[in-house]
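If you want the building blocks of each chain, they are given just below.
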Amino acid sequence: MEAKEHWFLPGFLVLAMVIAQGTTSSFSSPQCYKKTEKATTYTCEWTKSGSMQNATYELFYKRSNSTENKKSLGKNQQSYIFVNDDKVLEKVPVDLWVVADMGNWSCQSLSTSVRLNESVKYEAPQNMSMSRSSSNLTLSWVNKEEVKNHMPEDVVLKVKFRRLEKTSGVWNTTETEVKQAMVTLEILQNQHMYQLQVRQKSKHVKRPLWSDWTPILDVPTEIQNATEVKWTVEDFNNGTRLLNLTWGTPPYPVSVGQVNYNLSLHIWPCQLKRKNHTNITTTEFSVYVTYSAVSGYIFAFNKVGKSSQTHILVPAKHLTYPRKSWPDDKLIPRNYNPRLKNSCLEWYKLTDGETQPAKVNILKMINGTVEETLKSVRQKMDDYVRYFYLVHKQTDGKPQTTEMRLMYKKEGASKAPEDFTVKVVTNSAVLHWKPIPVQDQQGFLTHYEVCYTRSQNNGAHIEIKKCHNISASKTEYLIQNLTPESDYNIYLAGATAAGSGRNISIHILTKPQHKSITGWMIAGRIVLIAILITICLFIIKRHKSKIFPPIPRPMVAESKNYRASTQDMYEIKEEVHELQLHDKSSQDPNPEEATLLEVCEDENEKSLGDSSTPDGVSNPLTSDFKGQLLSLETADPSQGEIDCEVTMLMYRNGLVFDMKADSTEDVGTPL
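What you see as residue numbers is a count from 1 along each chain, following the sequence as written. Per-residue local features of the predicted model are confined to residues with pLDDT of at least 70, and side-chain atom pairs are confined, for both listing and counting, to 80 or more; whole-chain, interface and lining totals are unaffected and use all residues. Side-chain numbers come from the whole structure's heavy atoms, not from hydrogens or water.

Asks: Tell me about the pattern of salt bridges, and name the residues and values.
Replies: Salt bridge, as used here, is a side-chain nitrogen of Lys or Arg placed within 4 Å of a carboxyl oxygen of Asp or Glu. The final tally for this structure, using the stated rule, is twelve salt bridges. In this structure, Asp154 engages Lys203 in a salt bridge whose closest nitrogen and oxygen atoms are separated by 3.5 Å. Residue Asp154 is found in strand 12 (residues 154-163), and its partner Lys203 is found in the loop between strand 15 (194-201) and strand 16 (207-209); the two are separated by 49 residues along the sequence. In this scheme, a residue with accessible area under 20% of its type's maximum is buried, one over 50% is exposed, and one in between is partly exposed, where area comes from a 1.4 Å probe on protein chains only. A relative accessible area of 17% means that Asp154 is categorised as buried. A relative accessible area of 34% means that Lys203 is categorised as partly exposed. Note that Lys349 and Asp382 form a salt bridge whose closest N and O atoms lie 3.1 Å from each other. You can see Lys349 sitting in strand 27 (residues 344-349) and its partner Asp382 sitting in the loop between helix 5 (370-378) and strand 29 (386-395), a full 33 residues away along the chain. Take Asp382: its relative accessible area is 35%, and that puts it in the partly exposed class. Linked through salt bridges whose partners overlap, the residues forming this network are Glu45, Lys121 and Asp212. Note on conventions: DSSP H or I runs of at least 4 residues are helices, E runs of at least 2 residues are strands, and numbering of each starts at the N terminus.

Asks: Go over the packing of aromatic side chains with me, naming the residues and quoting the values.
Replies: Note on aromatic pairs: the rings of Phe, Tyr and Trp (six-membered ring only in Trp) are paired at centre separations within 6.5 Å, and the planes decide the class, stacked below 30 degrees, edge-to-face beyond 60, tilted for the rest. If you walk through the whole model with that rule in mind, you get eleven aromatic pairs. Pairing Phe161 with Tyr194 gives two aromatic rings, centres 6.4 Å apart and planes at 70 degrees, and the pair type is edge-to-face. In this pair, Phe161 sits in strand 12 while Tyr194 sits in strand 15, placing the two residues 33 residues apart along the sequence. Here Phe161 and Tyr194 have matching classes, each one buried. Here, a charge over a ring is recorded when the distance from Lys NZ or Arg CZ to the ring centre is within 6 Å and its angle to the ring normal is within 35 degrees. In this structure, Lys160 is placed above the aromatic ring of Trp171, and the distance from its NZ or CZ to the ring centre is 5.1 Å. The ring of Trp213 has Lys160 sitting right over it, with the charged end atom 4.6 Å from the ring centre.

Asks: Give me the lowdown on the pairing of strand 18 (residues 229-235), citing residues and values where you can.
Replies: Any two strands with at least two DSSP-identified bridges between them are counted as paired. Note that strand 18 and strand 19 (residues 241-247) share seven bridges and pair antiparallel. Within strand 19, the position partnered with Glu234 by the bridge is Leu242. Following strand 18, the chain reverses through five residues before pairing antiparallel with strand 19; Asn237 in that reversal takes a positive phi of roughly 55 degrees.

Asks: I'd love a proper account of the state of the cysteines, names of residues and values included.
Replies: Cysteine sulfur atoms that come within 2.5 Å of each other are treated as a disulfide pair. Inspection of every chain in the model, using the stated rule, returns three disulfides. Residue Cys32 pairs covalently with Cys44 via a disulfide, S to S 1.9 Å. Since a negative S-S torsion denotes a left-handed disulfide, the Cys32-Cys44 link at about 115 degrees is right-handed. With Cys32 in strand 1 (residues 31-33) and Cys44 in strand 2 (residues 41-45), this pair connects stretches of sequence that are twelve residues apart. For the pair Cys32 and Cys44, a shared accessibility class is recorded, and that class is buried.

In structure tokens:
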């Protein structure tokens, strides 16, 4: 039993030593330093593990290589202890360690040997600012207020950086000596974005310690282009306008780490030198303004710089008529009094009639009305020059123009219009001209006056001058009912309250009257149509047989008796001188008649016999037909020949031809 107890006690001690040794490695050795070379307080700090967050830490020291007892410098539950200046500790090396007490057990860190006056650790740089130009990046910073007056101007600076697109890449580092908390890096590419961290240390002590790293800083590219601003104005027609400003979003390399905008606007005319400065993070801005001009500027800025300024100018709402004021029931209180302190009268000369000059006149209406103020203003005005004035006040916190007016101290006659041209036709003329510039009107232009008169070559007027008034907004006019081929003189002038001004004249000659050729054109067309019809009829008649070929038809031979009867259809008085009857059977024919008969019969038979009679058609001259021919013979042999010729038929090429067409007249047979 005693042997077992003898074995258990050494084993327990060994286990306790192992546990204590493991606990000692749970937090680091203390590190003591001053924050500046001239500081009188030391900071001793260490790191602790999560399992010892509730432990009580006590810092001990003793001289190095001595047997003196340890001394306590203080204790708390934090991971650091502030130690006041001690002349002994500053001059000699000492050993420092920390003991952590958990209540039922404790552990001790490893000791470190230092000279306290040789260790300095600066704070990490604060309020870092950057500026990029081409490939150069300038860094500047401000140290904490309590230490910056005790720090030397020169320090050692270390910077590590990498491309923002390669956040998982290796950090590049550079180390350099700097002065006045500023350094310029010349190793970055302007078109790329970067991430960087900075730390610093002293160069005036033996054992300087690096400060902590600054948080990771994103470095965008510089802003190359000025901000392009677009503006719109919403007019409430009561003396107040809503001004809306918008601009585009910058590209990604520029907007890394936020882009802000500095906007300065002069929106209250009663205070010339006052401008509202506003830092804006969005790309739009709206504000109420008066009818006066609004001016200002804007520029964008990011972590590395700012853009150039963009000037903003919103012109005043100018009038085209002399006066305008607003009724009391539109935003203006009914008890409005122009003697209020926040009222003012703005007036200026319109040199070109439109543009507000850079410098305007402001009169605060404290002890007078608008009319009283204008009396003093008129004394400073020039004759024949247009001026513009506005009355401003604030209503419900909004700037408002209560009255605006164009005015002249004295009006005069206007100058002549320019670029006067005329387009002439037969009995009319179209006039064109450019409007008279405001600075040449010398008053409010009421209308244009156009006059014209007819004249002779020697310039003498034939007709009385005629004049017409034209609206001042017109730049063209049509003169009608002019005499063709005549000389006219035309005059144009502008008119104001002082009367018609200088005119510009032009001489024209109207064109001659065009003769009507409509009747001649119609007559010519009729003649042309008649000629064409005649030509067509001639061609048709000349080539009728080709155009309209004849249709074949069979012809029936006519006997002499039939022909004679047909020819004697008219009422003819017949006379019979002698009638002889012959007996054919008892008497032989006269030899001459017989011969004639034979000839006729032979010729008829021959001509008909030679004709082709297809399909067995019989000879149409039968014996009866021959007998009829014999009984009607005349005593004249020549007459018989004519009858033979008349009654002969020919049949050729499939057509029947009547040869009687060759006879000039028909011969009758006397009975």
